[in-house]
Amino acid sequence: MKMKQIAIAMVALSAISMAQVSAGECVLPAGALARQVPVATFKRSTFMMQQSPLVAMSNSYEPGVVDDASCYPFNCYPGGGTADDPYVLNVTAVVSPEAMAQFGAKALEAMAIRGMDKLNQTFMNSQISHIRAEFVQLQVVDDDLYAFGEKANLQADIVGYSNCLECRERRNFAGGDIFWLFHPYPQEMGTFGLSGIGAEGAVINLSAVTDVNGDPSKTIVHETGHQLGGGHQVESLISVGLYEYSHAISCQQDDGSRKHSIVSASEHSNAVYQFSSPSMSCGAAGETENARTVSEYAPYSASYNRIADVSGSVSLSAPEQVAEGGAVEITLSRSGDISNRASVGLWIEGAAVDNGLYSGDEYRFVEFDAGQDSVELTLATQADGRYQEAAISLELRLAYPAGLALHQGESDVTVALTNVDQPSLGKVSLSSSEYSVSEGAALTVQLNRTDGTDGQLSVQVTTAMGTASTKAVVALNQTVVFADGETSKVISLTTNHISDHYEDGTVILRLSGKAVGTEQATVTIHNVDTKPKPVGGSSGGAMGLDWRNALALFVLLAFRRTRK
């Protein structure tokens, strides 16, 4: 099999348009990095800057057939290379403190796991069934180990971090065959990611990733394609791949759209999760065979590191309860064989995080030196100034062990953060000091709870008669209960329609209890009836005589005439 001899290759995925230079073109900077690949064993060592470049390889050896004597330490092939027992490509996610601060550990872990899932989907879509990716560890690199961004660009960081000896030992011990480095580079918005052909590492620029909903999965799979030997399309400015046939696909379709395989130097939103092959639209034998490249080279990548043997176990301990605002003292203890180094992740979760009683890092990466039996951590909590009847939980959980065993019941602890604030019941007031309602209608009155809502609070609502008739209203004698946190309640006052009463009247609405603000209000009940006019009335001026008075006057006048 004829192969390219590649001295040095670094692959960048940029946002430059196809009209300028195809997005995602390769660059070949002097002094860039590559993995050294010994021909005799096909085992990749670490990134080396001063030693020989990536040498030409032959496929005369198959994974797993080399003699044990020639097998590098930690470099024996896992798996059997079949669909039922695939080679395992272990992935480590490396995150910077800046990435943690901007996105949070949960979101970063989700990005890495989604990227791994999409990588496995891409393997299957490309008919590659003898390789499977697995996520082994989430590592946080503090600035005192390596400060990302100080060199101001992705290329300098991927080279610098790859050659950081302590960083390399940490990754190798966890068993990661490849790693994805997550960091925001706002000064390089045009570059989504960066990797080398056949390289161990890839960097994902969190400031520039524009996949759907901020999901960098396509960028991750694209860069991993380079890590596994794949190159851009032949038409791109720099199309280098591991072999002469290691090229992606980017071509015009009959409907005017473009077809992009995942490693093409093109806009990622249009790329499909598939490595190029001659069977794809626009594919060409001997040219667009990234799937073949990955299929042949990925087993060697999967051999780069072996997950460290488990030696001993680790347990987690913390106090059962701590007053909010206090410090939670945590101890991670090793037992059994502690002669080797080890590492583990600690998740800090629960309602205390959700409610702001703990606002520190939600994930800690903990390392043990050889012979070290314990690590102690202190978590600072905050008092929220609000009374809580029940304690709020802070949940601690170990994950991603390297060189350690986790046992059920020893790897998770719940700490109860107890309340230190005194309850503030608040006070209840009527929403107004005056109300009005038409007789026969119901009046809705709102009661407001202010100046505190801690615990249960009860008030009594009663009515007293003002000028209204006792028949005008349905008397109230009601207990209103506010639950913890409840700020308002509504009551109803029912009035009656009195047909032979024609005046407005008033009723007094009163509150009573140990926490009362506005104590009473006046309710005016408006009459809705019109007073009837007198029956048979006269137009006789001011006298206003009706027929009875007229009859009486007539009799009186007749009597006086008779006497005369």
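Please refer to the structure placed before this passage.
Quick caveat, the model's predicted, so the values are computed rather than measured. (Residues numbered from 1 in each chain as written. Predicted model: local features only at pLDDT ≥ 70, side-chain atom pairs only at ≥ 80, totals over all residues. Heavy atoms only, no water.)

### Let's talk about the state of the cysteines
Throughout the structure, instances matching the rule amount to two disulfides. Shown here is the disulfide that connects Cys 251 with Cys 282, its sulfur atoms set 1.6 Å apart. Handedness here is read from the sign of the S-S torsion; for Cys 251 and Cys 282, about 85°, the answer is right-handed. Of this pair, Cys 251 sits in strand E8 (residues 250-252) while Cys 282 sits in the loop between strand E9 (258-260) and helix H6 (290-301), and the two are 31 residues apart along the sequence. (Disulfide = S-S within 2.5 Å. Helix = DSSP H or I, 4+ residues; strand = E, 2+ residues; numbered from the N terminus.)

### A short note on the sheet that holds strand E25 (residues 505-512)
The strand order across the open sheet formed by five strands is E20-E26-E25-E22-E23, and the pairing between neighbours is mixed. At either end of the open sheet lies a strand with only one pairing partner, and these are strand E20 (434-438) and strand E23 (477-482). Each strand axis lies, on average, 25° off the axis of its neighbour in the sheet, ignoring direction. Two strands pair when backbone bridges link them, and E20 and strand E26 (residues 520-526) are joined in this way by five bridges, in the parallel orientation. Bridge pairing links Ser 438 to His 526 in E26. (Pairing = 2+ DSSP bridges. Axes fitted to C-alpha atoms, helices over the stretch in contact; angles between N-to-C directions.)

### With respect to the sheet that holds strand E14 (residues 363-368)
With mixed pairing, the five strands of this open sheet are ordered in space as E11-E18-E16-E13-E14. Each end of this open sheet is capped by a strand with a single partner; those strands are strand E11 (321-323) and E14. Across the sheet, the mean angle from the axis of one strand to that of its neighbour is 25°, orientation sign disregarded. As judged from the six bridges shared by strand E13 (residues 342-349) and E14, these two strands associate in the antiparallel manner. Each residue of the ladder has a partner; that of Val 344, found in E14, is Val 366. Sheet strands touched by helix H2 (residues 105-125): E13, E14 and strand E16 (392-402). Its angle to E13, the strand with the most contacts, is close to 120°. Strands in contact with helix H4 (residues 165-174) are E13, E14 and E16; relative to E14, the strand with the most contacts, it is inclined by about 95°. (Contact = heavy atoms within 4.5 Å.)

### Concerning the packing of aromatic side chains
Going through the model one piece at a time under the given rule, you end up with nine aromatic pairs. With 6.3 Å between their ring centres and 40° between their planes, Phe 123 and Phe 275 make a pair best called tilted. Taken together, the residues Phe 123 in helix H2 and Phe 275 in the loop between E9 and H6 connect sequence positions 152 residues apart. In this structure Phe 275 comes out as buried when scored by relative accessible area, which is 1%. (Phe/Tyr/Trp six-rings, centres within 6.5 Å; stacked < 30°, edge-to-face > 60°. Buried < 20%, exposed > 50% of the residue type's maximum accessible area, 1.4 Å probe, protein only.)

### Describing the pairing of strand E12 (residues 327-335)
Burial of E12 is one-sided: the residues Val 328, Ile 330, Leu 332 and Arg 334 facing one way are buried, the residues Ala 327, Glu 329, Thr 331, Ser 333 and Ser 335 facing the other way are not. For strand E10 (residues 313-317) and E12, the ladder comprises five bridges, and the chain directions are antiparallel. The partner of Ser 315 across the bridge, within E12, is Ser 333. Here E12 runs beside strand E15 (residues 374-380); their pairing, made up of seven bridges, is antiparallel. Within E15, the position partnered with Val 328 by the bridge is Leu 379.

The values reported here are purely geometric and, on their own, carry no functional implication.
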